[in-house]
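A look at the structure
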Amino acid sequence: MSGFFQRLQALEPRRQQAFMAALCERLLPNYALYARTGGQGNPAGLRVILDLVWERLAIAGAKIDFERQAEKLAEQAPREDDDSFGARRATEAVAAASALLDTLQGEAPEAVLEVSRASRSGVRAFIELTEGEEDGERLAVLVREHPLMADENDFQDAVLEAVEEGALDRDALKALRRLGHNDGVSNLGLSAD
């Protein structure tokens, strides 16, 4: 995994942002499910913020007030006293988008690693919840070998390869966004549709 993280950190900021945006796309259905089932949150607001990020990636000179978008994003976060599984996954989606916005406002060298780890930790938490394994060693093996974790690792590898290759022109960004959208299926294998 360390080689993966080294490759992520070696990317120029715009490529890191594209990587994070694709992961945020894949986290969005978790947030939307939380909003629908818990009656909290605003998936459309989060969608608008991600759309603006993609616009900025496609058009370098796009004038977007990402400080204001960060304020709007903070308003979308689940209540702090909500410790439900759905709220924690929705919080991951908001935190990932927040880390991405931080990079668009200035230096945030760890942001790309935070987003990658947040996506993986959500998958790990879901596996722990659904498998109910008590033994720590067996659980670690189960998580490592679980199809959802394999899918998450493959997805992040594919996104990293996509942002490392060639020019990040409009077509490449559209393909990356489609990859992140993942037909509306989240990193947990859930769909908000």
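Residues numbered from 1 in each chain as written. Predicted model: local features only at pLDDT ≥ 70, side-chain atom pairs only at ≥ 80, totals over all residues. Heavy atoms only, no water.

On to the overall build of the protein. Counting its regular elements, the protein contains nine helices and zero strands. Beginning at the N terminus, the succession of helices and strands in the protein can be written as α-α-α-α-α-α-α-α-α. With the C-alpha coordinates of the protein rotated into their principal frame, the extents come out at 50 × 40 × 30 Å. Looking at the protein residue by residue over its 193 residues, the buried ones come to 46%. Pairs at least 24 apart in sequence give 74% of the contacts found in the protein among residues at least 6 apart. For the protein, the distance from the average position of its 22 positive side-chain charges to the average position of its 35 negative side-chain charges is 5 Å. (Helix = DSSP H or I, 4+ residues; strand = E, 2+ residues; numbered from the N terminus. Buried < 20%, exposed > 50% of the residue type's maximum accessible area, 1.4 Å probe, protein only. Contact = heavy atoms within 4.5 Å. Lys, Arg positive; Asp, Glu negative; His and termini not counted. Charge placed at Lys NZ, Arg CZ, Asp CG, Glu CD.)

Another aspect to go through is the pattern of salt bridges. This structure, assessed with the given rule, holds twelve salt bridges. A salt bridge links Arg7 to Glu164, with the shortest nitrogen-to-oxygen separation between them at 2.7 Å. Residue Arg7 is located in helix α1 (residues 2–10), and its partner Glu164 is located in helix α8 (residues 147–164); the two are separated by 157 residues in the primary sequence. Residues Arg79 and Asp81 are paired through a salt bridge, measuring 3.0 Å at the closest nitrogen-oxygen approach. Owing to a relative accessible area of 61%, Asp81 belongs among the exposed residues under this scheme. (Salt bridge = Lys/Arg side-chain N within 4 Å of Asp/Glu carboxyl O.)

We now examine a negative patch on the surface. Residues Asp154, Asp157, Glu161 and Glu165 make up a contiguous surface patch of negative charge. Tracing the backbone shows Asp157 in helix α8. (Patch = residues over 30% accessible without salt bridge, like charges linked within 9 Å, V, L, I, M, F, W, Y side chains within 5 Å. Areas by Shrake-Rupley, 256 points an atom, 1.4 Å probe, with all protein chains shown as cover.)

Turning to unusual backbone geometry, a few remarks are in order. One non-glycine residue with positive phi stands out, namely Asn182, at about 50 degrees. Relative to the helices and strands, Asn182 is located in the segment after α9 (170–181). Phi at Asp183 takes a positive value of approximately 55 degrees, unusual for a residue other than glycine. For Asp183, the position within the fold is in the segment after α9. Take Asp183: its relative accessible area is 70%, and that puts it in the exposed class.

It is the contact of helix α2 (residues 13–38) with helix α3 (residues 43–58), at a shortest axis distance of 10 Å, that shows an interaxial angle of 165 degrees. When the interaxial angle is binned, α2 and α3 end up roughly antiparallel. Note that α2 runs across α3; the crossing there is left-handed. Here Arg14, Gln17, Ala18, Ala21, Ala22, Cys24, Glu25, Leu28, Tyr31, Ala32 and Ala35 of α2 come into contact with α3, specifically with Pro43, Leu46, Arg47, Leu50, Val53, Trp54 and Leu57. Across the contact of α2 with α3, the residue classes tally to 14 nonpolar, one polar and three charged. (Axes fitted to C-alpha atoms, helices over the stretch in contact; angles between N-to-C directions. Parallel < 35°, antiparallel > 145°, perpendicular 65-115°, else oblique. Left-handed = near helix turned anticlockwise from the far one by under 90°. Nonpolar A, V, L, I, M, F, W, Y, C, P; charged D, E, K, R; others polar.)

It is worth spelling out the side chain of Glu152 at this point. With respect to the helices and strands, the residue Glu152 is situated in helix α8. Relative accessible area serves as the criterion here: at 0%, Glu152 is assigned to the buried category. Setting aside its immediate chain neighbours within four residues, Glu152 contacts Arg26, Ser119, Arg120, Val123 and Asn187.

What follows concerns the environment of Ala74. As for its placement among the helices and strands, Ala74 is situated in helix α4 (residues 66–76). Sequence spacing of Ala74 and Ala95 is 21 residues, and the spatial spacing of their C-alpha atoms is 8.9 Å.

This paragraph deals with the packing of α2 against helix α5 (residues 85–105). Two numbers describe how α2 lies on α5: the axes approach to 8 Å, and their chain directions differ by 150 degrees. Viewed along their axes, α2 and α5 adopt a mutual orientation that is roughly antiparallel. In this structure, α2 meets α5 at a crossing whose hand is left-handed. Along the contact surface, α2 presents Gln17, Met20, Ala21, Cys24, Leu27, Asn30, Tyr31 and Tyr34, while α5 presents Gly86, Ala87, Arg89, Ala90, Glu92, Ala93, Val94, Ala96, Ala97, Leu100, Thr103 and Leu104. The residue makeup of the contact of α2 with α5, split by class, is 14 nonpolar, four polar and two charged.

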